[in-house]
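# Analysis of the macromolecular model
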Amino acid sequence: MKIEKYGAGVFSMYPFLSVAECRKLIEKSENMTYEKATIQAIAGEKLDEEIRFNDRILFDDVELADQLYQKAKQYLPEIVDSW
């Protein structure tokens, strides 16, 4: 696993997912409904395609979250900016 640090606690891990894992997640997402991504404005969520023009899926999957965390945790700091 290659870790590339960008500063301010931001980093990437490569390769984090295998090609097969990526394909599985893409297939899962394609069976869901994508929606236009909104931004957070003072008055709440707002669609503003000049700022954000992508589609997205929001879903909760505790098992998937745990699998990703277990895979990443050995590379994660114990404390992030004293959180």
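Right above here is the structure, for reference.
Read on for a plain summary of the structure. (Residues numbered from 1 in each chain as written. Predicted model: local features only at pLDDT ≥ 70, side-chain atom pairs only at ≥ 80, totals over all residues. Heavy atoms only, no water.)

## A short note on the overall build of the protein chain
- When its secondary structure is counted, the protein chain shows two helices and six strands.
- Helices and strands appear in the protein chain in the N-to-C order β-β-α-β-β-β-β-α.
- With the principal axes as the frame, the protein chain shows a C-alpha extent of 40 × 35 × 20 Å.
- The buried share of the protein chain, reckoned over its 83 residues, is 13%.
- In the protein chain, 31% of the contacts between residues at least 6 apart in sequence involve partners at least 24 apart.
- Of the accessible surface of the protein chain, which amounts to about 7,500 Å², a share of 54% is contributed by carbon and sulfur atoms.
- The average position of the 11 basic charges and that of the 16 acidic charges among the side chains of the protein chain differ by 5 Å. (Helix = DSSP H or I, 4+ residues; strand = E, 2+ residues; numbered from the N terminus. Buried < 20%, exposed > 50% of the residue type's maximum accessible area, 1.4 Å probe, protein only. Contact = heavy atoms within 4.5 Å. Areas by Shrake-Rupley, 256 points an atom, 1.4 Å probe, with all protein chains shown as cover. Lys, Arg positive; Asp, Glu negative; His and termini not counted. Charge placed at Lys NZ, Arg CZ, Asp CG, Glu CD.)

## Thoughts on the environment of Arg52
- Relative to the elements of secondary structure, Arg52 occurs in the loop between strand 5 (44-46) and strand 6 (55-56).
- The class of Arg52 is partly exposed, set by a relative accessible area of 35%.
- Along the primary structure Arg52 and Lys36 are separated by 16 residues, whereas in three dimensions their C-alpha atoms are 8.8 Å apart.
- Not counting residues up to four positions away in its chain, the partners in contact with Arg52 are Ala37, Thr38 and Ile39.

## Overview of a nonpolar patch on the surface
- On the surface, Met1, Ile3 and Tyr75 cluster together to form a nonpolar patch covering roughly 230 Å² of accessible area.
- Of note, Tyr75 is situated in the segment after helix 2 (62-72). (Patch = residues over 30% accessible without salt bridge, like charges linked within 9 Å, V, L, I, M, F, W, Y side chains within 5 Å. Salt bridge = Lys/Arg side-chain N within 4 Å of Asp/Glu carboxyl O.)

## Some words on the environment of Lys46
- With respect to the secondary-structure elements, Lys46 resides in strand 5.
- When its relative accessible area of 41% is taken as the criterion, Lys46 is described as partly exposed.
- Sequence spacing of Lys46 and Thr33 is 13 residues, and the spatial spacing of their C-alpha atoms is 19 Å.
- Once residues within four sequence positions are removed from consideration, Lys46 is found in contact with Thr38, Ile39 and Ala41.

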